Amino acid sequence: KQHILNHLFELTSDKKNILSIGCGLGYLEYELSKKNKFQKIVAIDPGTASLFLKDTDVLVLKGFFPEVLDSRHNPFDFVYAAGIDYAMTDIEYERFLKSVLDFGIQEIFIAELFEPHTTLYGRIKLIIKEILIFFGLLNVGQFWGYNRTLEDHKKILRKAGFNTITSGKFSGHTFWINTKV
């Protein structure tokens, strides 16, 4: 997570109102809140595990985007989501991205995306996962996002209405995308 955090520090240094979609344990939001006390951070997650955020000024909303937000929370000058696509089918992912636009958000930074392995070892691992899914031993929802290439993400982003797409790699098969209307 440190490579994501370092990137977020750079991107948010001049931002005042930040929205995190899918904060999980809240590690990134916790570190961001320590770095700049003048930022207002709203973190959304459907779970209750945001352990790092218990004694911070980060506003934690339990639920799903955009349902848990209302107009008093917008406008945000920076919106990001880290590691959320893995649980969505392509249709759900596109629907989520369209809801971002419908809420009035014109730009989103998406981090911790994983490209499938193209090595022999990576392909064997993928085949094993598919077999486990077939026999019901692995949750399908945990599988879809890991099958998307960077080009797959870009295609879905364009279908959702985002036109300007930049991307880069953190390390290995982990990459980020910044996209605007």
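All figures in this text were calculated on a predicted structure; none of them were measured in a lab.

Details of unusual backbone geometry
Move 1: With omega at 0 degrees, the peptide bond leading from phenylalanine 65 into proline 66 counts as cis.
Move 2: In this fold, proline 66 is placed in the loop between strand S3 (59-62) and strand S4 (78-82).

Remarks on the confidence of the model for the protein
Move 1: Put simply, the protein has an average pLDDT of 85, and 90% of its residues get 70 or more.
Move 2: Predicted confidence in the protein is weakest over helix H4 (residues 120-134), with a mean pLDDT of 78, and strongest over strand S1 (residues 17-21), with 94.

Focus on the side chain of serine 99
Move 1: Within the secondary structure, serine 99 is located in helix H3 (residues 90-102).
Move 2: Relative accessible area serves as the criterion here: at 15%, serine 99 is assigned to the buried category.
Move 3: Look past the residues within four positions of serine 99 in its chain and what remains in contact with it is Phe65 and Pro66.

What to know about the layout of surface pockets
Move 1: Each pocket or cavity is described by its volume, and for the largest pocket that value is around 780 Å³.
Move 2: Around the largest pocket, the lining is made up of 34 residues, and of these Gly22, Pro46, Gly83, Ile84 and Met88 lie nearest the centre.
Move 3: Counting only elements with at least two residues in the lining of the largest pocket, the list comes to S1, helix H2 (27-35), strand S2 (40-45), S4, H3 and strand S5 (107-114).
Move 4: For the lining of the largest pocket, the element with the highest residue contribution is H3, accounting for four residues.
Move 5: Taken together, the residues of the lining of the largest pocket sort by class into 19 nonpolar, seven polar and eight charged.

What counts, and at which threshold
- Residues numbered from 1 in each chain as written.
- Predicted model: local features only at pLDDT ≥ 70, side-chain atom pairs only at ≥ 80, totals over all residues.
- Heavy atoms only, no water.
- Helix = DSSP H or I, 4+ residues; strand = E, 2+ residues; numbered from the N terminus.
- pLDDT = per-residue confidence, 0-100.
- Buried < 20%, exposed > 50% of the residue type's maximum accessible area, 1.4 Å probe, protein only.
- Contact = heavy atoms within 4.5 Å.
- 1 Å grid on protein atoms, 1.4 Å probe; cavity = no way out; pocket = protein on both sides within 12 Å on 5 of 7 lines; lining within 4 Å.
- Points joined across faces, edges and corners; volume = space filled by probe spheres on them.
- Nonpolar A, V, L, I, M, F, W, Y, C, P; charged D, E, K, R; others polar.

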